[in-house]
Amino acid sequence: MPEEFGKLIADIKANTPGIENVIISTHCQNDLGLSTANTIVGACAGARQVEVTINGIGERAGNASLEEVVMALKCKGMSILGGLYTGINTRHIVMTSKMVEEYSGLHVQPHKAIVGANAFVHESGIHQDGMLKHKGTYEIISPDDIGLERTNETGIVLGKLSGRHALKMKLVELGYDIDVEQLNDIFWRFKAVAEQKKRVTDADIRALVFDEVFQPTVVWKLHDLQVTCGTLGLSTATVKLISADGKEHIACAVGTGPVDSAYKAVDLIVKVPATLLEYSMTAVTEGIDAIATTRVLIRGENNHTSTHALTGETIHRTFSGTGSSMDIAVSSVRAYIGALNKLLGFMELTP
């Protein structure tokens, strides 16, 4: 319990000779859902290092959540927590959370404090009325504090008639600093999505940026994909990939479904044996026209290994990839190719 933990830290500080020469650190697990509370109480009792994790990820029920601890100190540190503060720029919290979510494959539950999708959503009538009159009625922190802009307050609404300048301003507003070449790549992906959606949301833009910018060195790139599937025949896929030298490569394969057949076609071109370990897909936004983001995890069949930096243990390397598209087959192939590109890049670096 928080009272017990605070007393433990206070007793250590009061009864340990030479304690003034060291930093007391806390490392709280979340088995009873009290890790954030215990961390804050420990800090109030004298701890000056708190061990936390982004999104609260960790063994069992997880660890103390960095974003919860930081924002609690930001909100109440000066008023009731004895002047405690951190040097963290809280406007990077949302982007950092999403980055960890993408790379780890551990999705944040919608009602997660601070960074959950529903953290700033108000649906009930009394909440909406209160928010319209005064935002502080139901929100102890502002979305702006953690780098989250409300779509209906930004002033820039993107659609199929929007140009490069509007897209660039939206990207700047969302915290992205990209060059001209990256902007061009994102713009054409944006136009393709905008032709099919009446309104492109901030979440859509973030998915496109991650899919275009935050990708490994391109060895293979998807050019075209055609899939036939259903109950009337075998699932078949035709894939056209572009290699690093700009050449086109086409292959066709049959599989148990659209993703299986598409992946087999990719394998015929890339010719690097790999085992699919994990496959997951999420919708970026609501609605039938949502962008789908796929994440895959693969392992090379020749068992690429590396040495753990701390333990010296030999581990089998795995490689993740993500892809986004309004077409789930396309997003799946983009993710698979991204993972294969990482595998190929690792092979080049390995003697």
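Predicted model, so just to flag it, every value in this text is computed and none were measured.

Engineer: Where do I start with the pairing of strand β5 (residues 248–255) in this structure?
Structural biologist: Two faces, one strand: in a regular strand the side chains alternate between the faces of the sheet. Across 8 bridges, strand β4 (residues 235–243) lies against β5 in antiparallel orientation. Across the sheet, residue L241 finds its bridge partner in β5, namely H249. Hairpin connection of β4 to β5: 4 residues between the antiparallel strands, including G246 at a positive phi of 90 degrees.

Engineer: What am I meant to see in the environment of K98 here?
Structural biologist: Looking at the element boundaries, K98 is found in helix α4 (residues 93–104). Looking at K98, the relative accessible area reads 37%, which means it is partly exposed. Considered as a pair, K98 and N55 are 43 residues apart in the sequence and their alpha carbons are 9.1 Å apart.

Engineer: Please explain the packing of aromatic side chains as it appears in this structure.
Structural biologist: Note on aromatic pairs: each is described by the distance of the centres and the angle between the planes. For the structure on display, the rule yields 4 aromatic pairs. When the ring of F187 is compared with that of F190, the centres are 6.2 Å apart and the planes differ by 40 degrees; the resulting orientation is tilted. Of this pair, F187 and F190 both sit in helix α7 (residues 180–194), 3 residues apart, roughly one helical turn. There is no split in this pair, since F187 and F190 are both buried. Between Y263 and Y336, the aromatic rings sit 4.1 Å apart at their centres with planes inclined by 10 degrees, giving stacked as the arrangement. Here Y263, found in helix α9 (residues 258–270), pairs with Y336, found in helix α10 (residues 328–349); they are 73 residues apart in sequence, far enough to count as distant. Judged by its relative accessible area of 6%, Y263 is buried. Among the aromatic residues, those joined into a cluster by ring pairs are F187, W188 and F190.

Rules used throughout
- Throughout this description, residue numbers start from 1 for each chain and increase along the sequence as written.
- In keeping with the predicted nature of the model, local features appear solely for residues at pLDDT of at least 70, side-chain atom pairs appear and are counted solely at 80 or more, and the whole-chain, interface and lining totals rest on all residues.
- For side-chain calculations, the full set of non-hydrogen atoms in the structure is used, while hydrogens and water are omitted.
- Following DSSP output, two strands are said to pair if at least two bridges run between them.
- To qualify as a helix, a DSSP run of H or I must reach at least 4 residues; to qualify as a strand, a run of E must reach at least 2; elements of each kind are numbered from the N terminus.
- Remark: exposure states derive from per-residue accessible area (1.4 Å probe, protein chains only) relative to the maximum for the residue type, with buried under 20%, exposed over 50%, and partly exposed in between.
- Centre distance within 6.5 Å is the pairing criterion for rings of Phe, Tyr and Trp, where only the six-membered ring of Trp is used; planes under 30 degrees apart are then read as stacked, over 60 as edge-to-face, and the remainder as tilted.

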